[in-house]
Amino acid sequence: MGALKPWHIAVLVVVLILLFGAKRLPDAARSLGRSLRIIKAETKSLQDDDRDLAEKADAQAGYQPLPPHAQQQYAPQQAPQQPVAPPVDPVQRVRDN
């Protein structure tokens, strides 16, 4: 019941020629081919992007933190802390003067 018979295809071709005309059908087929080519290229680039992201995630998953004794060895030297003056309210400073 759902199979296409050769006469179905012939009727479809005749209807398309009557609707669009013989001159427009090649242009329509050409533009459809271009559109399909663009879609194929875009889906391929999306798959490549996903693959690149997965490779980066795998590479970053392999990093491990340094052990504690190595962290102390490479820790930056801390400068001696100087006393910090308490913050002064600008309004209070004007009133004092």
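Residues numbered from 1 in each chain as written. Predicted model: local features only at pLDDT ≥ 70, side-chain atom pairs only at ≥ 80, totals over all residues. Heavy atoms only, no water.

What to know about the overall build of the protein chain
1) Next: Counting its regular elements, the protein chain contains four helices and zero strands.
2) Next: Tracing the protein chain from N to C terminus, the helices and strands come up as α-α-α-α.
3) Next: Residues counted as buried form 1% of the 97 residues belonging to the protein chain.
4) Next: As presented, the protein chain carries roughly 9900 Å² of accessible surface, and 61% of it is formed by carbon and sulfur atoms. (Helix = DSSP H or I, 4+ residues; strand = E, 2+ residues; numbered from the N terminus. Buried < 20%, exposed > 50% of the residue type's maximum accessible area, 1.4 Å probe, protein only. Areas by Shrake-Rupley, 256 points an atom, 1.4 Å probe, with all protein chains shown as cover.)

Some words on the confidence of the model for the protein chain
1) Next: Confidence in the prediction of the protein chain, expressed as mean pLDDT, is 78, and 71% of residues score 70 or more.
2) Next: For the protein chain, per-element mean pLDDT is lowest for helix H3 (residues 68-74), which scores 61, and highest for helix H1 (residues 6-20), which scores 88. (pLDDT = per-residue confidence, 0-100.)

Topic: the pattern of salt bridges
It is possible for side chains of opposite charge to pair when their charged atoms get near one another.
1) Next: Under the defined criterion, the tally for this structure stands at three salt bridges.
2) Next: Between Asp27 and Arg30 there is a salt bridge whose closest N-O contact spans 2.9 Å. Placement of both Asp27 and Arg30 in helix H2 (residues 24-61) is noted, with a separation of three residues, approximately one turn of the helix.
3) Next: Its relative accessible area of 45% is what places Asp27 among the partly exposed residues. (Salt bridge = Lys/Arg side-chain N within 4 Å of Asp/Glu carboxyl O.)

Description of a nonpolar patch on the surface
1) Next: A contiguous nonpolar surface patch, about 710 Å² in accessible area, is contributed by Trp7, Val11, Leu12, Val15, Leu16, Leu19 and Phe20.
2) Next: By secondary structure assignment, the location of Val11 is in helix H1.
3) Next: By relative accessible area, Val11 is classed as partly exposed at 45%. (Patch = residues over 30% accessible without salt bridge, like charges linked within 9 Å, V, L, I, M, F, W, Y side chains within 5 Å.)

Section: H1
1) Next: For H1, built from 15 residues, the straight-helix expectation of 21 Å at 1.5 Å per residue is met to within 8% by its first-to-last C-alpha distance of 21 Å.
2) Next: A positive backbone phi angle near 90 degrees is found at Gly21, which sits one or two residues after H1. (Expected span 1.5 Å × (residues − 1).)

A few points about a negative patch on the surface
1) Next: A grouping of Asp49, Asp50, Asp52 and Glu55 is seen on the molecular surface, where their side chains present a negatively charged patch.
2) Next: Note on Asp49: relative accessible area 42%, which makes it partly exposed. (Lys, Arg positive; Asp, Glu negative; His and termini not counted. Charge placed at Lys NZ, Arg CZ, Asp CG, Glu CD.)

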